[in-house]
Amino acid sequence: MVDQARMAALAKEPLVVIGAPTSAFRGTWRELRDVFGQREMLGMLIRRDLKARYKDSALGFVWTLVRPLTQLMIYYFVMGKILGSSRAIDNFAIYVFTGLTAYTLFSEIVAGSTGSIVGNSGLIKKVYVPREVFPSPASARPWSTSSSSSRSSSPRRSCSGSSPGTRG
């Protein structure tokens, strides 16, 4: 009897959606504004992430340049020279470098973002901070990595017919 009376009272109440944005555009701007409000914490997390990544490394930040260039040379040599793809495709090294950069950027953002959320789960549970703040440093690091590696490579030399690791 009590359940039916309660259900009848609940049926008369209007449904109120809590926390849903009125439009996707307004909701996105609200979330960006919340993240911007936490910009000091975001900067601290980015610095902490970069320091932790290169902490006990002999070459430090140079690994950011060495790894993509080594991948480029291996792919260019194996796929371009041994398998003969560079004969059929003009500027093969540029295509390989572009594909490797895009794939590496995407995979590091996804892996870093999920790892960041799991690694900061204690902080997420205890303190109110927009949840978008934690994946942001993990997403910013691959952008800096890909931009620095793209500045260090020289596609012009690859286009001239010499291998990417030699002087043209």
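Only a predicted model underlies this, so the values are computations on that prediction, with no experimental measurement involved.

Caption draft 1: Seen up close, the overall build of the protein. Counting secondary structure elements, the protein contains nine helices and zero strands. Going from the N terminus to the C terminus, the protein shows its helices and strands as α-α-α-α-α-α-α-α-α. Taking all 168 residues of the protein together, the buried fraction comes to 27%. Restricting to contacts in the protein with at least 6 residues of sequence separation, those with at least 24 account for 68%. Of the accessible surface of the protein, which amounts to about 12,100 Å², a share of 64% is contributed by carbon and sulfur atoms.

Caption draft 2: Representation of a nonpolar patch on the surface. Residues I74, Y75, F77, V78, M79, I82 and L83 make up a contiguous nonpolar surface patch of roughly 680 Å² in combined accessible area. Note on placement: M79 falls in helix α4 (residues 63–82). Judged by its relative accessible area of 33%, M79 is partly exposed.

Caption draft 3: Seen up close, the pattern of salt bridges. By the definition in use, this model includes one salt bridge. Among the ionic pairs, E108 bridges to R67, the shortest N-O distance being 3.0 Å. Here E108 is found in helix α6 (residues 92–119), whereas its partner R67 is found in helix α4, with 41 residues between them in sequence. When its relative accessible area of 12% is taken as the criterion, E108 is described as buried. A relative accessible area of 39% means that R67 is categorised as partly exposed.

Caption draft 4: Here's a closer look at the packing of α4 against α6. Taken N-terminus to C-terminus, the directions of α4 and α6 make an angle of 130°; their axes are 10 Å apart at the nearest point. When the axes of α4 and α6 are compared, the pair comes out oblique. The two elements α4 and α6 meet at a crossing, and its hand is right-handed. Two secondary-structure elements touch here, α4 through R67, Q71, L72, Y75, Y76, M79 and G80 and α6 through F92, A93, V96, F97, L100, T104 and E108.

Caption draft 5: Molecular detail of the nonpolar core. One finds V35, M41, L42, L45, I124, V129, V133 and F134 forming the largest nonpolar core, which totals eight residues. It is helix α3 (residues 39–53) that provides the largest number of residues to this core, a total of three residues. Among all residues touching V129, those that are not within four sequence positions of it are Q38, M41 and F134. Counting seven residues, the second largest nonpolar core, distinct from the first, contains Y76, F92, V96 and L100.

Caption draft 6: Structural view of α4. Across its 20 residues, α4 extends 27 Å between first and last C-alpha, which sits within 8% of the 28 Å expected from 1.5 Å per residue. Every buried residue of α4 is listed here: T64, P68, L72, Y76 and G80.

Caption draft 7: Broad picture of the packing of aromatic side chains. This structure, assessed with the given rule, holds one aromatic pair. Just above the ring of F36 sits the side chain of R39; from NZ or CZ to the centre is 4.3 Å.

Caption draft 8: Region of interest: unusual backbone geometry. Located in the positive-phi region is N91, a residue other than glycine, with phi close to 55°. Tracing the backbone through its elements, the reader meets N91 in the loop between α5 (85–88) and α6.

Criteria and cut-off values
- Residues numbered from 1 in each chain as written.
- Predicted model: local features only at pLDDT ≥ 70, side-chain atom pairs only at ≥ 80, totals over all residues.
- Heavy atoms only, no water.
- Helix = DSSP H or I, 4+ residues; strand = E, 2+ residues; numbered from the N terminus.
- Buried < 20%, exposed > 50% of the residue type's maximum accessible area, 1.4 Å probe, protein only.
- Contact = heavy atoms within 4.5 Å.
- Areas by Shrake-Rupley, 256 points an atom, 1.4 Å probe, with all protein chains shown as cover.
- Patch = residues over 30% accessible without salt bridge, like charges linked within 9 Å, V, L, I, M, F, W, Y side chains within 5 Å.
- Salt bridge = Lys/Arg side-chain N within 4 Å of Asp/Glu carboxyl O.
- Axes fitted to C-alpha atoms, helices over the stretch in contact; angles between N-to-C directions.
- Parallel < 35°, antiparallel > 145°, perpendicular 65-115°, else oblique.
- Left-handed = near helix turned anticlockwise from the far one by under 90°.
- Core = buried A, V, L, I, M, F, W, Y, C linked by side-chain atoms within 4.5 Å.
- Expected span 1.5 Å × (residues − 1).
- Phe/Tyr/Trp six-rings, centres within 6.5 Å; stacked < 30°, edge-to-face > 60°.
- Lys NZ or Arg CZ within 6 Å of the ring centre and 35° of its normal.

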